[in-house]
Amino acid sequence: MKHKIILLLLACCTMLPVKAQIRQQLLNRLATLQARGYMVGHQDDPFYGLTWEWERGRSDVKETAGDYPAVMGFEIGGIEVGDEKNLDSVPFTRMREELLAHHRRGGILTVSWHPRNPLTGGTAWDVSDTTVVRSILPGGNMHRKFLLWMKNVKNFLKSIKDENERPLPIIFRPWHENNGSWFWWGQNLCSAEEYKALWCMLQDYLISEGMENLVWSYSPNLDENFSEEKFLERYPGDNRVDLIGLDAYQWGAEKDFVTQINDNLSMMTRYCERHDKLLALTECGLKNLPDPTWWTRVLKPQMDKYPICYFLFWRNAKHEFFGPAPGEKNAFYFNDLVRNSNVLMLNDISKVK
């Protein structure tokens, strides 16, 4: 599967417009790296950690393992309404700097978006109204408002350029965990057709505005009974998805997490192999890591079974953490994890273009 994906992607890279070439080059790179193993990713890595905030040049992962994560995750929730900071208080000016800095280091970038509720004014987690998606689709009473929100997203993403004014390659992951119902775009908040129309509206708008440098990630949540039939209910189509992801946290019993992640990744692997799609663990983690051996005893044995190109654990903050930090008991086991040849940090990928 891996070699087939690489050959297909290389063949597609010729005769494309510059921005589309940027996207295709990232797809080629992900496929090449997938053949070597899976990359380590961390959300909000350069902004704050367990014991610090906003100090430039710091990273809990780097201070633990001696290297930056290969993949960094960034969140743009708040940009849609013109906020100066995102929903986690990260200034967008600083975010732009860190996106470019990690690109210059040779790292890979992924951006998520948790927009506010355009109907109620609440957060992305405000599920008090089941008509939000319908209201922002064409013909809905909030459609014009949401067009402005999409324009603000476009303006920010377009502003992320290198010194030669070339847009950066970015894995873009909107409308994730849609098979849950904790976001206003979740499965109990809109129909499958409304969800797919929402995906297509955003994608078509950004592409029409020249945002062809984005790799689109479709990332449902870990699901107890996630059949391919259920997966496909809201899947917007192979022509609209570049990378299939799974967001998989261990919130309950370890045995349940292990069973579900294997069931889900097995199904997704079969689909990706038949449809020549990349696969990733786009979010994962065990909050506050009460079991420090989790990295090597629980997570790695599951990831080793599947052709994922990266895994991204969630942020480290003072009130909650999902990654390693110096002095934490789990740091030893994290270092044990990244010493494996199939686990890739920044230095392992920086020269692979």
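(A) View of the overall build of the chain. If you tally the helices and strands in the chain, you get 12 helices and 9 strands. Its C-alpha atoms give the chain a radius of gyration of 19 Å, near enough to 20 Å, the size a compact globule of 353 residues would have. Its C-alpha atoms put the chain at 55 × 45 × 45 Å along the principal axes. A buried classification covers 60% of the 353 residues belonging to the chain. In the chain, 42 positive and 45 negative side-chain charges are present, and the distance between their average locations comes to 4 Å.

(B) The pattern of salt bridges, seen in detail. The tally for this structure, following the rule as stated, stands at 23 salt bridges. The shortest N-O distance in the salt bridge between E228 and R274 comes to 2.6 Å. With E228 in helix α8 (residues 228–233) and R274 in helix α9 (residues 254–275), the pair connects residues that are 46 residues apart, well separated along the chain. Judged by its relative accessible area of 48%, R274 falls in the partly exposed class.

(C) Examining unusual backbone geometry more closely. In this model, W54 sits at a positive phi of 65 degrees, which is unusual for a non-glycine residue. We classify W54 as partly exposed; its relative accessible area is 32%.

(D) Geometry of the layout of surface pockets. Counted as a void, the largest pocket has a volume near 380 Å³. In this structure, the largest pocket is lined by 16 residues; those nearest its centre are W125, Y249, W251, E283 and W314. In this structure, the second largest pocket occupies an estimated 320 Å³ of space. Around the second largest pocket, the lining comprises 14 residues; the ones closest to its centre are Q25, R29, H103, P169 and K353.

(E) Up close: the nonpolar core. Ranked by internal contacts, the top residues of the largest apolar core, which has 89 residues, are I76, F172, W175, W184, L281 and F311. Within the second largest apolar cluster, 23 residues are counted, among which are L26, M39, Y310 and L312.

Analysis parameters
Residues numbered from 1 in each chain as written. Predicted model: local features only at pLDDT ≥ 70, side-chain atom pairs only at ≥ 80, totals over all residues. Heavy atoms only, no water. Helix = DSSP H or I, 4+ residues; strand = E, 2+ residues; numbered from the N terminus. Rg over C-alpha atoms; globule rule 2.2 N^0.38 Å. Buried < 20%, exposed > 50% of the residue type's maximum accessible area, 1.4 Å probe, protein only. Lys, Arg positive; Asp, Glu negative; His and termini not counted. Charge placed at Lys NZ, Arg CZ, Asp CG, Glu CD. Salt bridge = Lys/Arg side-chain N within 4 Å of Asp/Glu carboxyl O. 1 Å grid on protein atoms, 1.4 Å probe; cavity = no way out; pocket = protein on both sides within 12 Å on 5 of 7 lines; lining within 4 Å. Points joined across faces, edges and corners; volume = space filled by probe spheres on them. Core = buried A, V, L, I, M, F, W, Y, C linked by side-chain atoms within 4.5 Å.

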